[in-house]
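What the coordinates show
Residue strings, one per chain:
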Amino acid sequence: MQLQLISFVLIILYCMDYTGGQHSSSRHRHHKQISSGGLGCQQGGCLTCSDYNGCLSCKPRYFMHLERIGMKQIGVCMTSCPPGFYDIRSPERNTCTKCRSECDSCFNKNFCTRCRPGFYLHLGKCLESCPDGLMHSDIQRECVHRCPAECEACVNSELCTRCRAGLYQLQGRCHHVCPEDYELNDKLMECAPQVHCEVGEWSEWSPCSRSGRTCGFRRGQETRTRLVLQYPSPFGRPCPEISEIKECLVKRRKCPGRGKNERRDKKPRNNRRDKGSQEVLRDRKRERDRDPGERNNSDNRNKTEHRRRRAQHSESVPPENTQHSSSAHHD
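We now turn to the structure provided with this report. Quantities reported herein were computed from a predicted structural model and do not represent experimental measurements.

**Considering the overall build of the chain**
A count of helices and strands for the chain gives five helices and 22 strands. Taken over 331 residues, the chain has a buried fraction of 20%. Counting contacts in the chain only where the partners sit at least 6 residues apart, residues at least 24 apart contribute 26% of the total. Carbon and sulfur atoms provide 52% of the accessible area of the chain, an area that totals close to 26500 Å².

Pasting the structure below:
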């Protein structure tokens with residue numbers, strides 16, 4: 001009875017081992033199919049992959065990068081390594097390797113290009129404090145040169161890139177007053193070169209003219225001009241005269257097309273101008289042509305009026321004055 005029980009147990013164990021061996025063999029075949037590029041390769045850069053571990057190898061020119069998800073790492077094939085990693089190329093495999101802990105990004109294991117907060121870059125190294133003669137910049141996360149007192153920002157101790165308020169930059173230096181041949185630019189806070197006016201050559205003298213005409217006169221004017229080649233800056237040398245006029249003398253000649261009609265139109269203008277003098281002449285002529293008897297009567301009236309005025313003047317003289325005058329006459 002015991003022998004039968006033992007035999008039954010052995011048979012059961014044998015059956016269980018056989019079933020487990022078949023399941024393991026099936027799983028191995030399934031994993032092999034995925035590694036050969038089956039349904040598990042979801043990324044274009046993967047050459048081989050698995051559902052559990054992601055990419056196992058990458059296509060040429062791709063880099064293998066391991067991404068951590070919790071306690072698990074997944075292989076990812078990328079065209080370039082992410083920040084904080086640098087690439088290593090080899091004939092067998094291209095991989096992304098993590099930078100040093102103080103580096104935010106790096107070129108290789110020993111050369112950082114940007115530091116993490118709290119560290120400052122100097123000659124490819126991330127330092128907690130800068131060497132002597134340098135100061136740290138929290139914005140750039142770098143060790144920078146100490147700027148001169150008049151500089152707000154600089155490349156080194158002799159070259160300013162931005163001046164303090166009220167100062168003007170020129171060739172890496174800050175000035176209170178711009179040097180000669182330079183002028184202030186308040187918008188850019190720089191000393192800008194002065195630009196002086198430049199003009200071209202004079203043109204030929206124009207034909208002698210008067211009121212837009214070149215005929216019908218004896219005295220006229222000639223003109224000539226020149227162009228401005230360069231306009232000046234606000235404090236540059238201003239432009240000289242760009243036009244000139246001079247008097248000219250020509251032989252009078254008639255203008256084509258001017259005839260009797262124009263002279264006839266001109267005559268009334270002269271008559272209107274001398275209208276007052278003509279009226280005076282007419283009055284004098286009427287006076288001369290008047291009748292002689294009438295002229296004599298007019299003269300007699302003038303004489304009578306003159307005698308009357310003298311008599312009025314004599315009556316207005318006081319008697320004392322008259323007697324005094326008489327006694328003076330007898331004496």
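Moving on from the model shown.
**Some thoughts on a positive patch on the surface**
Residues Arg210, Arg213, Arg218, Arg219 and Arg252 make up a contiguous surface patch of positive charge. Within the secondary structure, arginine 219 is located in strand β20 (residues 219–225).

**Focus: the environment of lysine 72**
Following the sequence through the fold, lysine 72 ends up in strand β4 (residues 72–78). Judged by relative accessible area, lysine 72 falls into the partly exposed class, the value being 30%. Linking lysine 72 and asparagine 53, residues 19 residues apart in sequence, is a C-alpha distance of 8.5 Å. Residues contacting lysine 72, with those up to four places away along its chain left out, are Tyr52 and Glu67. Of the polar contacts made by the side chain of lysine 72, one reaches the backbone oxygen of tyrosine 52; its length is 3.1 Å.

**Comments concerning the packing of aromatic side chains**
According to the stated counting rule, one finds zero aromatic pairs in the structure shown. Positioned above the aromatic ring of tyrosine 52, the side-chain terminus of lysine 72 is 4.2 Å from the ring centre. When the ring centre of tryptophan 205 is taken as origin, the NZ or CZ atom of lysine 246, which lies over that ring, is 4.4 Å away.

**Some thoughts on the side chain of arginine 224**
Following the sequence through the fold, arginine 224 ends up in strand β20. Separated by 2.9 Å, the side chains of arginine 224 and glutamate 244 make a polar contact. Those residues within four positions of arginine 224 in sequence are excluded, and the remaining contacts are Trp202, Ser203, Glu204, Trp205, Ile242, Ser243 and Glu244.

**So, the side chain of serine 50**
When you line up the elements, serine 50 lands in strand β1 (residues 46–50). Within the local environment of serine 50, its side chain forms a polar contact with the backbone nitrogen of asparagine 53, the two atoms lying 3.0 Å apart.

**Notes on the nonpolar core**
Residues Tyr86, Cys99, Cys103, Cys106, Cys112, Cys115, Leu121 and Cys126 constitute the largest nonpolar core, which totals eight residues. Elements supplying a minimum of two residues to this core: β7 (103–108) and β8 (111–115). When sequence neighbours within four positions are dropped, the list of residues in contact with cysteine 126 reads Glu102, Cys103, Cys112, Arg114, Cys115, Phe119, Tyr120 and Leu121. Counting residues in each nonpolar core, the second largest holds six residues, with Cys46, Cys49, Cys55 and Cys77 among its members.

About the thresholds
Residues numbered from 1 in each chain as written. Predicted model: local features only at pLDDT ≥ 70, side-chain atom pairs only at ≥ 80, totals over all residues. Heavy atoms only, no water. Helix = DSSP H or I, 4+ residues; strand = E, 2+ residues; numbered from the N terminus. Buried < 20%, exposed > 50% of the residue type's maximum accessible area, 1.4 Å probe, protein only. Contact = heavy atoms within 4.5 Å. Areas by Shrake-Rupley, 256 points an atom, 1.4 Å probe, with all protein chains shown as cover. Patch = residues over 30% accessible without salt bridge, like charges linked within 9 Å, V, L, I, M, F, W, Y side chains within 5 Å. Salt bridge = Lys/Arg side-chain N within 4 Å of Asp/Glu carboxyl O. Lys, Arg positive; Asp, Glu negative; His and termini not counted. Charge placed at Lys NZ, Arg CZ, Asp CG, Glu CD. Polar contact = N/O pair within 3.5 Å; in protein donor to acceptor, adjacent residues only side chain to side chain. Phe/Tyr/Trp six-rings, centres within 6.5 Å; stacked < 30°, edge-to-face > 60°. Lys NZ or Arg CZ within 6 Å of the ring centre and 35° of its normal. Core = buried A, V, L, I, M, F, W, Y, C linked by side-chain atoms within 4.5 Å.

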